[in-house]
Each structure stands twice: as C-alpha cells, then as structure tokens.
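Reading the structure
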Amino acid sequence: MKQTAVNIWHFYLEGFRSMTLGRTLWLIILVKLFIMFFILRLFFFPRFLNTPVVGDDKEGYVSNELIHRSLGSDLLPSQ
C-alpha cells in the first residue's frame with residue numbers, strides 16, 4: 001500500500017516537472033480562482049450577518065430566512 005502511494009506521487013511529480021504549457025494553464029487557473037473567491041466576494045456577496053439589524057441573534061435570523069425562503073414568496077405571512 002505504501003509503495004503504491006509513493007509510485008503515484010512520483011508519477012504526478014514527474015508529470016508536473018516535464019510540463020511546459022501546463023504550468024501556464026495552472027497559473028491561469030489559480031488566478032481565476034483567486035478572482036472568483038476573493039475579489040468577487042468583496043463586491044457581490046455582502047455580509048448580512050454582521051449588520052446591526054441581526055445583532056446577536058444570528059441563529060434565529062438564519063433559521064427564519066431559511067423557513068421563509070423555503071415557503072416561497074407567495075406563502076409568506078404578512079408582516
């Protein structure tokens with residue numbers, strides 16, 4: 001079992017060492033992931049749970065939102 005894992009590790013290690021175009025593609029992939037998870041998150045995904053309206057009752061806020069969204073907008077009780 002251990003020798004199999006070592007053989008697999010060496011297989012991938014030698015494959016990445018001999019890449020030429022692959023390194024550029026991996027760099028592009030990493031840059032895209034950085035943009036998706038760090039840059040876009042700052043602008044398009046606000047933090048609702050840190051607002052003063054929610055306060056310390058974050059669990060209650062999340063459970064109410066999940067219940068209301070699962071019921072749909074037409075079944076919501078009037079507030």
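Coordinates for the structure precede this section.
So, here's what we can say about the structure.

Thresholds, definitions, all that
Residues numbered from 1 in each chain as written. Predicted model: local features only at pLDDT ≥ 70, side-chain atom pairs only at ≥ 80, totals over all residues. Heavy atoms only, no water. Helix = DSSP H or I, 4+ residues; strand = E, 2+ residues; numbered from the N terminus. Areas by Shrake-Rupley, 256 points an atom, 1.4 Å probe, with all protein chains shown as cover. Salt bridge = Lys/Arg side-chain N within 4 Å of Asp/Glu carboxyl O. Phe/Tyr/Trp six-rings, centres within 6.5 Å; stacked < 30°, edge-to-face > 60°. Expected span 1.5 Å × (residues − 1).

Overview of the overall build of the protein chain
The helix and strand tally for the protein chain stands at 3 helices and 0 strands. Going from the N terminus to the C terminus, the protein chain shows its helices and strands as α-α-α. Of the accessible surface of the protein chain, which amounts to about 7700 Å², a share of 69% is contributed by carbon and sulfur atoms.

Description of the pattern of salt bridges
Throughout the structure, instances matching the rule amount to 2 salt bridges. The closest approach of N and O atoms between Arg 17 and Glu 14, which form a salt bridge, is 3.2 Å. On the criterion of helical spacing, the pair formed by Arg 17 and Glu 14 is a turn pair, its members being 3 residues apart in helix H1 (residues 2-17).

Some thoughts on the packing of aromatic side chains
Taken as a whole, this structure holds 3 aromatic pairs when the rule is applied. Their ring planes at 80° and their centres at 5.4 Å tell us that Phe 11 and Tyr 12 sit as a pair that is edge-to-face.

Notes on helix H3 (residues 58-71)
Between its first and last C-alpha atoms H3 spans 20 Å; for 14 residues at 1.5 Å apiece the expected length is 20 Å, and the two agree. Count one or two residues on from H3 and you reach Gly 72, which has phi positive near 95°.

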